[in-house]
Amino acid sequence: MNDDHGKPFSHPVDPHGAKANYDTNEHKLHSTGVPGFWRQTTNLLILAGVIAVIILISRIL
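The structure displayed is predicted, hence computed values, not measured ones.

*Asks:* Give a description of the overall build of the protein that names residues and reports values.
*Replies:* Helix and strand counts for the protein come out as one helix and zero strands. Expressed as a percentage of its 61 residues, the buried residues of the protein come to 2%. Counting only carbon and sulfur atoms, one obtains 68% of the accessible surface of the protein, whose full area is about 6000 Å².

Here it is, written out as structure tokens:
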């Protein structure tokens, strides 16, 4: 018996699509590896710097 009757978005997930998405993400992780980590780290540091500059400017004015 299906108890999900009337619930929105209660369709079962396509297991083949989920596996393909996982495989794609895993391949992307293995292909970028450490350079991808450093790229994300530098992006985070740049973002933190921009936020710090905005806070500094707002305190000066």
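So much for the structure itself; the text now carries on.
*Asks:* Requested: an account of a nonpolar patch on the surface, with residues and values cited.
*Replies:* A cluster of nonpolar side chains, contributed by Val 53, Leu 56, Ile 57, Ile 60 and Leu 61, occupies part of the molecular surface with about 560 Å² of accessible area. Looking at where Val 53 falls in the secondary structure, it is placed in helix H1 (residues 15-60).

So, how was this worked out
- Residues numbered from 1 in each chain as written.
- Predicted model: local features only at pLDDT ≥ 70, side-chain atom pairs only at ≥ 80, totals over all residues.
- Heavy atoms only, no water.
- Helix = DSSP H or I, 4+ residues; strand = E, 2+ residues; numbered from the N terminus.
- Buried < 20%, exposed > 50% of the residue type's maximum accessible area, 1.4 Å probe, protein only.
- Areas by Shrake-Rupley, 256 points an atom, 1.4 Å probe, with all protein chains shown as cover.
- Patch = residues over 30% accessible without salt bridge, like charges linked within 9 Å, V, L, I, M, F, W, Y side chains within 5 Å.
- Salt bridge = Lys/Arg side-chain N within 4 Å of Asp/Glu carboxyl O.

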